[in-house]
Structure formats: structure tokens, C-alpha cells
Amino acid sequence: MSEARIVERAVPADLGPLYQDYAYGYPHKNAYRPFPQPIPLREIWAEERMDRIFLYLHIPFCEMRCGFCNLFTSANPDQSRIDRYMAALDRQIEAVRDELGPVRPIQLAIGGGTPTLLGPAMLQALLERIAARLDADPRRFPAAIETSPKTATRETIALLSHWGVDRISIGVQSFIEAETRAMGRPQEPAVLTRALDTIRDHAFGRLNIDLIYGAENQTAESWRHSLRCALDWAPEELFLYPLYVRPRTGLDRRGRVEDEHRRVLYRVGRDLLLEAGYEQISMRAFRLPGGAAPSDEFSCQEDGVLGLGTGARSYTAKAHYSTRYAVTRRGVLDILDDFAASESDAFRFAYHGIAVNADEAMRRYVLKSILRRDGLDIVRFTQLFGTAPTAALSALDRIGEMGLIEQHGDLLRPTDTGLEHSDAIPPLFYSDAVRARLRGAQVA
């Protein structure tokens, strides 16, 4: 697809601001609350297929906290804190295995934080443990891990390649040092180059490079420079993230980012990558056609996600749950310390999350579908919920009238304008109950 084939459409002003939030999950984590009573995991997972789960492991440590980051992570941790956390994660793995019985994941992701901060020895022990106890050997199914330039050492990358991890995602954000510094992320270009070279020296089916657009000192030309630099390593995937200034982050005191600045840079990045031969999968995701792709066996709309570690969210048909969530250093450390002090039996229950009824499940299914080029399968939705999606959710008609989605056979797919407005669409589908919870959310 070339720039000439992109049709930009005007969108009604009542859609709201272009950049409202990145809704990678629904209901949003800020809608989670303590359950009235702890719920046994075997009850939450009773109706799930245990041979079709996505296993996610959360490592909440980084060498620094970037100015834009509101993820659950602790910067520059001492080794004793890491050791206590990993020991607790081992107890959680054992308790969850006992509660759920035999599981057979079909996909794995290790995120954070920065999992590669652990180093090769601790990563080796973790991979051995999940392979033995959770049948999660990454050599038999798609597996992904996140890294940073500084922690992508030759020893760690070689270990991950040996274990068959097929996707490695590296947070670059920008190839211009002044821009990353403005984002609150000092980064030496030589370290970045060495990390990318190291990854390309080893066998990974997919290299993903994360970039961010919207910094105050970023221009269309400097953004093109970073994109072209990324293409020098021929990544199979690129994720382009708009910069958000979120509460309690390092950039919070510096004011807001202009929507139009981000919109211009979004279009620059999209058009450059399309011209370079990439396919646009979603607002953020671009992929080389014909290369390695994630398995289509797992369905994020229908299959369960088992999250282990603080900050990891689990998704079942009955409930979504996780530990408590925080952004500030003190808030994160309090939750980490509680997790590290937990005995095995404590990990047999879910304490914090949200119940999912049929109405919320429909909203989630739609939001996990219409923001991607794959689109919403009308027939499958009707089979699952006994009603057509447009009959269930009037917002689909509304965004259709705005030109944000269109029907292709049995699929409702986002238009180019719809992809551009992906961060404005989700609130239209939030239930009143979830809206009320979000208004009352308090994050430490």
C-alpha cells in the first residue's frame, strides 16, 4: 500500500480527543477492585480449556524508569529484592500448577519491566521451571520476550536463542539521543547499536523494534531518521507508539503533548513503513509480509491468559484478575514486598480484579477485534453471544457512520481513518459500570 491509497476522512468532533488512552485490554486495569471474598483459582478457571492458554510472566524490574512509563516496574533494584521476588514467583508457579492441574500453553510472553535485567543464570532457571511445571518450553510454541538496549548482552541473547524464543522486542523509542533524553530516557547510541547487532547475530524469527513519536523536540524529519535507522536492521515488526504524558510519571510535570503533533508524526511513520513494504496490522503494529508471524492458534478474544507475577493480568470468561497496581516507587515497592512475603497458599486465590458478565464479554470481544485489520468476525460473534454485534452494541453503527469501520463480507474492519483514531474509539464501548469504576480509580 502506498501513501496515495490512504484516504483521510474527517471525523465528527464529538468522537472526543484523538489520543485518549491505549486500550490494550477491557475492562481497563483501573476498573479492577478487591473481590468481596478471595476466589479460588480452580473456580475461576473451571470452564477454561487448559490446553489453549496464553502464559504471561511479569518481571517488574528495569535499570531505570523512563519518563513516559506508567507500567508496574521498579527501577534499579538491589539483588536481594530480585532474589525474593523470583523465589515468590517459584512459589506461585507451584501453587497455580497445583490448583489448575496440568496445563498446556500455546503461547508465552515474558514482559515487564525488563526481563533481560535478570541475566542469563536467572533466566535459565526460570525457563527450566516453567518448562518442567507448566509444560511451557518455548522451543515448542511461539514465545516472546522484551529487552532493553543495555540488558541485551551477548550471553543473555545467546541463551534466549538457544531456548528457541522466536520473538524479541527491544524498546528503542528514538535513534536520536536528544529525543530520548527529552522523553526521560537517557540512551547511548553505541549501546543501542551493539544490542541490535547482537540480536541480529542470533536466531530469532521476529525482531520487533518499539519507537515513540510525539516528543516536543521531535520533527517529521527526525522521526523519519529514526524510522530509517530502524529499517537498517530489517525488523520483522515495528510498533510505533504515540507519546502519552500519564499521571505520576516523570513527564507528568512537563505538560501535555499536542494531538496534532502526534497525528502528523503518526501519518509520517505509517506512510514511510507502508512504502517500505510493511503491512499495517493495527494503529501501532507494522509487520513485514511473508515473514514469521505469531501463531493463529491462540485467540485473544476467546482463550484464557494466565498471568504470573506482580502486575500480570489473567483473563478468563468469568473474571479478570491481577495484583494491585501502582506507578510511584513507594506504591510499587509496597506491592512487591507483599508479593515476596506471600506463602504458597496465598497464590491459590484471586483477590483483585473484576467479574465479567455477558455484556462486558461482548464489549471486550468487539474492542479486541475492530482495532485490528483482521476485524470483527460477525458470524463468530453471533455464534458465541446469540446476537449480531450491531444489535448488541449500538456504538458499532455510530463508528460506522463516522467512517471508522466498514463491512467486508462477514467482517467489520477498521478503515485507515479508524486505525488513526484507535485511541479515541474504545471509550464509546465502555459500560456504565466500568465508567463509574474508572472515575473512582485511585492509583498509588
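In this text the structure is predicted, and so the values were computed from the model without any measurement. (Residues numbered from 1 in each chain as written. Predicted model: local features only at pLDDT ≥ 70, side-chain atom pairs only at ≥ 80, totals over all residues. Heavy atoms only, no water.)

Q: Give a description of the overall build of the chain that names residues and reports values.
A: From N to C terminus, the chain includes 15 helices and 18 strands. The C-alpha radius of gyration of the chain comes to 21 Å, within 12% of the 22 Å expected for a compact globule of 444 residues. Considering the chain as a whole, with its 444 residues, one finds that 56% of them fall into the buried category. In the chain, once contacts between residues fewer than 6 apart in sequence are set aside, the share between residues at least 24 apart is 79%. Summing over all exposed atoms, the chain offers an accessible surface of approximately 18,500 Å²; the carbon and sulfur share of this is 50%. Averaged over its 55 positive side-chain charges, the chain has a centre that lies 3 Å from the centre of its 60 negative ones. (Helix = DSSP H or I, 4+ residues; strand = E, 2+ residues; numbered from the N terminus. Rg over C-alpha atoms; globule rule 2.2 N^0.38 Å. Buried < 20%, exposed > 50% of the residue type's maximum accessible area, 1.4 Å probe, protein only. Contact = heavy atoms within 4.5 Å. Areas by Shrake-Rupley, 256 points an atom, 1.4 Å probe, with all protein chains shown as cover. Lys, Arg positive; Asp, Glu negative; His and termini not counted. Charge placed at Lys NZ, Arg CZ, Asp CG, Glu CD.)

Q: Please set out the packing of aromatic side chains residue by residue, giving values where relevant.
A: Summed over all chains, the structure comprises 13 aromatic pairs. Relative to Tyr85, the ring of Phe61 lies with its centre 5.4 Å away and its plane at 85°, an arrangement referred to as edge-to-face. Of this pair, Phe61 sits in strand E3 (residues 61–62) while Tyr85 is found in helix H2 (residues 79–100), placing the two residues 24 residues apart along the sequence. According to the relative accessible area criterion, Tyr85 is buried, its value standing at 1%. Note on Tyr365 and Phe381: the rings are 5.7 Å apart at their centroids and 70° apart in plane angle, and the pair reads as edge-to-face. A residue pair is termed long-range when its members are at least 10 positions apart, and Tyr365 in helix H10 (residues 358–367) and Phe381 in helix H11 (residues 378–385) qualify at 16 residues. One cation-aromatic arrangement involves Arg139 over Trp163; the distance from NZ or CZ to the ring centre is 4.2 Å. Its end group placed over the ring of Tyr244, Arg262 keeps NZ or CZ at 5.4 Å from the ring centre. (Phe/Tyr/Trp six-rings, centres within 6.5 Å; stacked < 30°, edge-to-face > 60°. Lys NZ or Arg CZ within 6 Å of the ring centre and 35° of its normal.)

Q: For the pairing of strand E9 (residues 237–242), give the residues involved together with the corresponding values.
A: Most of E9 sits out of view: 5 of its 6 residues are buried. Pairing geometry for strand E8 (residues 206–213) and E9, over 6 bridges, is parallel. The residue bridging Leu211 from the neighbouring strand is Leu240, located in E9. You can see the chain leave E8, run along helix H7 (residues 220–231) and come back into E9, and the turn it takes is right-handed. (Pairing = 2+ DSSP bridges. Right-handed = clockwise from strand over helix to strand, strands pointing away.)

Q: Account for helix H6 (residues 189–200), with residues named and values stated.
A: In this model H6 runs 17 Å from its N-terminal to its C-terminal C-alpha over 12 residues, within 8% of the 16 Å that 1.5 Å per residue would give. Every buried residue of H6 is accounted for by Val191, Leu192, Ala195, Leu196, Thr198 and Ile199. End-on, the buried residues of H6 take up no more than an arc of 160°, which puts them together on one face. (Expected span 1.5 Å × (residues − 1). Arc of directions from axis to C-beta.)

Q: Kindly report on the side chain of His352, identifying the contributing residues and their values.
A: Its location among the elements puts His352 in strand E15 (residues 349–355). Judged by its relative accessible area of 12%, His352 is buried. Residues contacting His352, with those up to four places away along its chain left out, are Tyr32, Arg33, Pro34, Phe35, His320, Tyr321, Ser322, Thr323 and Arg324.

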